[in-house]
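Survey of secondary and tertiary structure
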Amino acid sequence: MKKYPLHFKAQINYFPTEKGGLITPVSTGYRSEIKFPFELKSFIAVQNFEDRDLIFPGDLALVHITLLNAEPFLENLYEGMDFQLHDNSGIIADGIVTEVY
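Residues numbered from 1 in each chain as written. Predicted model: local features only at pLDDT ≥ 70, side-chain atom pairs only at ≥ 80, totals over all residues. Heavy atoms only, no water.

The phi dihedral of Phe38 falls on the positive side, at around 65°, and the residue is not glycine. Residue placement: Phe38 occurs in the loop between β3 (30-35) and β4 (43-48). A positive phi angle, close to 55°, is found at Asn69, a residue other than glycine. In this structure, Asn69 sits in the loop between β6 (60-68) and α1 (71-74). Judged by its relative accessible area of 63%, Asn69 falls in the exposed class. (Helix = DSSP H or I, 4+ residues; strand = E, 2+ residues; numbered from the N terminus. Buried < 20%, exposed > 50% of the residue type's maximum accessible area, 1.4 Å probe, protein only.)

This is the structure:
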């Protein structure tokens, strides 16, 4: 698996399946679309889980995030910024930036 530079750490609330969240667990390297408030463009978020092998629907986790093709946007990141994670089925999680690297 290709190594990407980490951009920030976030606390993410993965929605339970019955609330539109994931259907199956995911592992490090999972990619989803990420959308920040006041930003018209969405990005791809590569998620890295350092203290667990899998994230299950309904989990709350600290996750390291790499944004792909987001270089101009990175200077706008700040602690406390909220966001949503999406996949083809809709919003699967929400989160908040806890540390910018």
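After that view, the rundown keeps rolling.
It is worth spelling out the nonpolar core at this point. In this structure, Phe8, Tyr14, Phe36 and Leu67 are the most contacted members of the largest nonpolar core, which totals 26 residues. Setting aside residues no more than four positions away along its own chain, Phe8 makes contact with Ile34, Phe36, Val63, His64, Ile65, Leu67, Leu77, Phe83, Val97, Glu99, Val100 and Tyr101. (Core = buried A, V, L, I, M, F, W, Y, C linked by side-chain atoms within 4.5 Å. Contact = heavy atoms within 4.5 Å.)

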